[in-house]
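Chain by chain, the residues:
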Amino acid sequence: MKKIILLGLTALLGACQSMSPAPKASLDGEVFYLQRIALPPAATLSVSLQDVSLADAPAVVLAEQKGPVKGQVPLPFHLSYDPAQVKPGHSYAVSARIELEGKLLFTTTDRHAVRLDGQDAQPLRVRVNAVAP
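Residues numbered from 1 in each chain as written. Predicted model: local features only at pLDDT ≥ 70, side-chain atom pairs only at ≥ 80, totals over all residues. Heavy atoms only, no water.

For the protein chain, the name recorded in an unreviewed UniProt entry is Lipoprotein, with Pseudomonas rhodesiae as its organism.

### A look at the overall build of the protein chain
Scanning the protein chain for helices and strands turns up one helix and nine strands. Starting at the N terminus and ending at the C terminus, the protein chain contains elements arranged as α-β-β-β-β-β-β-β-β-β. For the protein chain, long-range pairs separated by at least 24 residues make up 64% of all intrachain contacts whose partners lie at least 6 apart in sequence. Accessible area for the protein chain stands at about 9,000 Å²; split by element, carbon and sulfur atoms hold 59% of it. (Helix = DSSP H or I, 4+ residues; strand = E, 2+ residues; numbered from the N terminus. Contact = heavy atoms within 4.5 Å. Areas by Shrake-Rupley, 256 points an atom, 1.4 Å probe, with all protein chains shown as cover.)

### A closer look at the pattern of salt bridges
Under the criterion given, the structure shown has four salt bridges. The salt bridge partner of Glu64 is Lys66, with a shortest N-O separation of 4.0 Å. Of the residues examined, Glu64 reaches a relative accessible area of 46% and is grouped as partly exposed. In this structure Lys66 comes out as exposed when scored by relative accessible area, which is 63%. The closest approach of N and O atoms between Arg97 and Glu99, which form a salt bridge, is 2.8 Å. A relative accessible area of 23% places Glu99 in the partly exposed class. (Salt bridge = Lys/Arg side-chain N within 4 Å of Asp/Glu carboxyl O. Buried < 20%, exposed > 50% of the residue type's maximum accessible area, 1.4 Å probe, protein only.)

### Topic: the confidence of the model for the protein chain
In low-pLDDT segments, the atomic positions of the prediction should not be examined closely. Of the residues in the protein chain, 83% reach a pLDDT of 70 or more, and the chain-wide mean stands at 88. In this model residues 2–9 is a low-confidence stretch, pLDDT under 50, and it forms zero contacts with partners more than four residues away in sequence or in other chains. (pLDDT = per-residue confidence, 0-100.)

### A short note on the environment of Gly118
Relative to the assigned elements, Gly118 resides in the loop between β7 (112–114) and β8 (124–127). Judged by relative accessible area, which is 67%, Gly118 ranks as exposed. Expressed as a C-alpha distance, the spacing of Gly118 and Leu27, which sit 91 residues apart in the sequence, is 9.5 Å.

### Some points on the pairing of β8
Alternating residues of β8 divide into Leu124 and Val126, all buried, and Arg125 and Arg127, none buried. Pairing geometry for strand β1 (residues 25–32) and β8, over four bridges, is parallel. Looking at β8, one finds that Glu30 is bridged to Arg125. (Pairing = 2+ DSSP bridges.)

### Describing the packing of aromatic side chains
The geometry of an aromatic ring pair is captured by two quantities: the separation of the ring centres and the angle between the planes. Enumeration according to the criterion identifies one aromatic pair in this entry. Note on Tyr33 and Phe106: the rings are 4.2 Å apart at their centroids and 10° apart in plane angle, and the pair reads as stacked. Remark: Phe106 occurs in strand β6 (residues 103–107) and Tyr33 occurs in the loop between β1 and β2 (44–51); sequence separation between them is 73 residues. The positively charged end of Arg125 is found above the aromatic ring belonging to Phe32, 4.1 Å away from the centroid. (Phe/Tyr/Trp six-rings, centres within 6.5 Å; stacked < 30°, edge-to-face > 60°. Lys NZ or Arg CZ within 6 Å of the ring centre and 35° of its normal.)

### Re the nonpolar core
Counting residues in hydrophobic clusters, the biggest one holds 26 residues, and the most contacted among them are Val31, Leu49, Val94 and Ile98. Of all the secondary-structure elements, those providing two or more residues to this core are β1, β2, β3 (60–68), β4 (75–81), β5 (92–100), β6 and β8. Those residues in contact with Leu49 that lie beyond four places of it in its chain are Leu27, Val60, Val61, Leu62, Ala63, Leu79, Tyr81, Tyr92, Ala93, Val94, Val114 and Leu116. (Core = buried A, V, L, I, M, F, W, Y, C linked by side-chain atoms within 4.5 Å.)

### Looking at the environment of Lys87
Following the sequence through the fold, Lys87 ends up in the loop between β4 and β5. The class for Lys87 is partly exposed, based on a relative accessible area of 47%. As a C-alpha pair, Lys87 and Asp51 span 36 residues in sequence and 9.1 Å in three-dimensional space.

Here it is in structure tokens:
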């Protein structure tokens, strides 16, 4: 009887271990622009970490942060991602956009490459540029 209980507990413990959350890594940074204008209070910020390895296919999003802008630039962000999704030889980049009621105000126009090997300087500084009306 003790053996059956011990086997049951061992199986239960193994199941609990397999259900543990995946290890997380993160990138922290700030989004900024050079124009000397204030953002409207209803503006939203979206920052994403993407696998941009394939030129002829859409980027694969590994992590994303979306929400209302809190304050003025620089705007902080925090991206948590699963390091198991990072593939050797692939290229990764962070992009950002600021919108107001679905209308794009600012977006990244330069590639902000990251290596995701623990050597990326943090906080990242991601510059966005105004979009012509």
